[in-house]
Amino acid sequence: MSRADTSRAEVPSAVRAPSPLWSFGLLRSELLITFRRWRTLALLGVLAAVPVLVGIAVKIETSDGASFGGGGGGGGGGGGAGPAFISQISNNGLFLVFTALAATLPFFLPMAIGVVAGDAIAGEANAGTLRYLLVAPAGRTRLLLTKYATVIAFCLAATLVVAVSALVVGALLFPVGELTTISGTRITYAEGLGRALLIALVVAASLVGVAALGLFVSTLTGSGIAAMATTVGLLITVQILDQIPQLDALQPYFFSHYWLSFADLMREPVYWDDLVKNLGLQALYAAVLGSAAWARFTAKDITS
């Protein structure tokens with residue numbers, strides 16, 4: 001064999017860069033695996049049930065014509081989103097969408113994202129499949145980006161499940177039509193639907209920081225359960241710290257601080273300040289924690 005033939009034979013196939021079509025196939029495979037798991041379906045089922053329970057509770061409470069909960073507008077940053085929306089459900093079923101998102105965002109949605117993100121890398125390591133994934137021409141960076149994209153897709157899917165469930169239940173149990181914004185102005189039902197979709201997208205975007213946190217934790221351990229528990233524990237801890245008055249100087253930097261700012265989309269005109277701060281903060285967390293996850297994963301010794 002000639003020297004040229006020997007050199008050609010020694011070039012490993014892994015050096016060849018994967019084609020974009022192969023990368024799309026990897027993403028498609030990850031999406032199918034994630035959304036076919038019973039655990040994922042159970043999480044989506046729980047999220048879909050929340051608007052049903054809220055809607056039934058409001059319907060029963062207002063069956064005698066009485067109003068449900070306290071009225072009043074929300075404070076800055078959407079702090080009063082729940083009470084401001086829930087008191088309007090009996091007048092317009094579309095408000096169930098806003099109420100359900102406000103009810104699930106502090107705990108249920110982040111917990112679901114934390115479970116999926118925490119299991120992204122650690123679950124593969126625990127199952128002994130991570131090393132075999134890296135044998136394919138994926139590369140660690142490409143695999144990590146695919147895992148993160150899958151978690152982001154779950155963020156969007158989980159948020160839309162809550163929104164669609166609330167929209168259907170609200171239309172079945174309550175009247176729909178023109179609605180009154182937090183500012184007291186009237187908008188058409190079509191415009192209300194548009195704002196509901198925008199709010200759902202903002203809520204999904206509010207979870208990208210949680211997704212990055214879970215992915216980073218997932219690179220630190222080989223146990224999927226430990227990664228999920230740690231991520232959820234950190235979520236709870238941050239939200240507790242966000243309620244302590246003595247930490248008010250630090251709270252604007254917590255990823256959960258501006259979560260309920262989506263309520264400002266129901267003002268006329270829309271109050272953008274806290275919305276922009278929220279999206280900017282999520283982008284910052286995604287960049288920092290995503291970089292930390294990449295640095296850890298690319299330097300990690302994969303043994304399983």
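All values derive from a computational prediction rather than experimental measurement. (Residues numbered from 1 in each chain as written. Predicted model: local features only at pLDDT ≥ 70, side-chain atom pairs only at ≥ 80, totals over all residues. Heavy atoms only, no water.)

Engineer: What is the right way to look at the overall build of the protein chain in this model?
Structural biologist: Within the protein chain one finds 12 helices and 2 strands. Shown N-terminal to C-terminal, the secondary structure of the protein chain runs as helices and strands in the order α-α-α-α-α-α-α-α-β-β-α-α-α-α. Here the protein chain holds 304 residues, and the buried ones make up 43% of them. Here the analysis covers contacts within the protein chain between residues at least 6 apart in sequence; of these, 76% occur between residues at least 24 apart. Accessible surface, the protein chain as shown: approximately 14400 Å² in total, 67% of it carbon and sulfur. (Helix = DSSP H or I, 4+ residues; strand = E, 2+ residues; numbered from the N terminus. Buried < 20%, exposed > 50% of the residue type's maximum accessible area, 1.4 Å probe, protein only. Contact = heavy atoms within 4.5 Å. Areas by Shrake-Rupley, 256 points an atom, 1.4 Å probe, with all protein chains shown as cover.)

Engineer: Help me out: how do you make sense of the environment of F262 in this one?
Structural biologist: Tracing the backbone shows F262 in the loop between α11 (224-241) and α12 (273-299). For F262, a relative accessible area of 0% gives the class buried. Sequence separation between F262 and A196 is 66 residues, and the spatial gap between their C-alpha atoms is 9.9 Å. Setting aside residues up to four positions removed in sequence, F262 forms contacts with F85, F98, L101, A102, L105, I199, V202, V203 and L275.

Engineer: Looking at this model, I keep getting lost on unusual backbone geometry. Mind explaining?
Structural biologist: Across residues other than glycine, the phi torsion is negative in most instances, and most of the peptide bonds are trans. Each neighbour pair has its own omega, and for E268 with P269 the value is 0°, a cis peptide bond. Residue placement: P269 occurs in the loop between α11 and α12.

Engineer: Honestly, the pattern of salt bridges in this entry has me stumped. Any pointers?
Structural biologist: Any two side chains of opposite charge can pair, given that their charged atoms come close. Following the criterion strictly, the structure yields 7 salt bridges and no others. In this structure, the salt-bridge partner of K147 is E30, at a minimum N-O distance of 3.0 Å. Separated by 117 residues along the polypeptide, K147 in helix α8 (residues 140-173) and E30 in helix α2 (residues 20-36) bring together distant segments of the chain. The exposure classification of K147 matches that of E30, with both residues buried. When the shortest N-O distance is used, the salt bridge between E191 and R195 registers 3.1 Å. In this pair, E191 and R195 both sit in helix α9 (residues 189-205), 4 residues apart, roughly one turn of the helix. When its relative accessible area of 35% is taken as the criterion, E191 is described as partly exposed. Here the salt bridges do not stand alone but share partners, grouping R37, R39 and D119 into one network. (Salt bridge = Lys/Arg side-chain N within 4 Å of Asp/Glu carboxyl O.)

Engineer: How should empty space enclosed by the protein be read in this particular structure?
Structural biologist: One water molecule sets the probe size; rolling that probe over the atoms shows where empty space is left. Using the criterion set out here, one finds 2 cavities of 30 Å³ or more in the structure. Within this model, the largest cavity holds a volume of roughly 120 Å³. Taken together, 13 residues line the largest cavity, and the ones lying closest to its centre are T34, R37, V116, A120 and K147. Going through the elements one at a time, α2, α6 (108-127) and α8 are the ones with two or more residues in the lining of the largest cavity. For the lining of the largest cavity, the leading source of residues is α6, giving 5 residues. In terms of residue class, the lining of the largest cavity is made up of 4 nonpolar, 3 polar and 6 charged. By volume, the second largest cavity amounts to about 40 Å³. (1 Å grid on protein atoms, 1.4 Å probe; cavity = no way out; pocket = protein on both sides within 12 Å on 5 of 7 lines; lining within 4 Å. Points joined across faces, edges and corners; volume = space filled by probe spheres on them. Nonpolar A, V, L, I, M, F, W, Y, C, P; charged D, E, K, R; others polar.)

Engineer: Would you mind going over the nonpolar core with me for this structure?
Structural biologist: In a soluble, globular protein the nonpolar side chains are often hidden away together inside. F98 and F262 are the most contacted members of the largest nonpolar core, which totals 73 residues. The element contributing the most residues to this core is α8, with 11 residues. (Core = buried A, V, L, I, M, F, W, Y, C linked by side-chain atoms within 4.5 Å.)

Keep in mind these values describe shape, not function.
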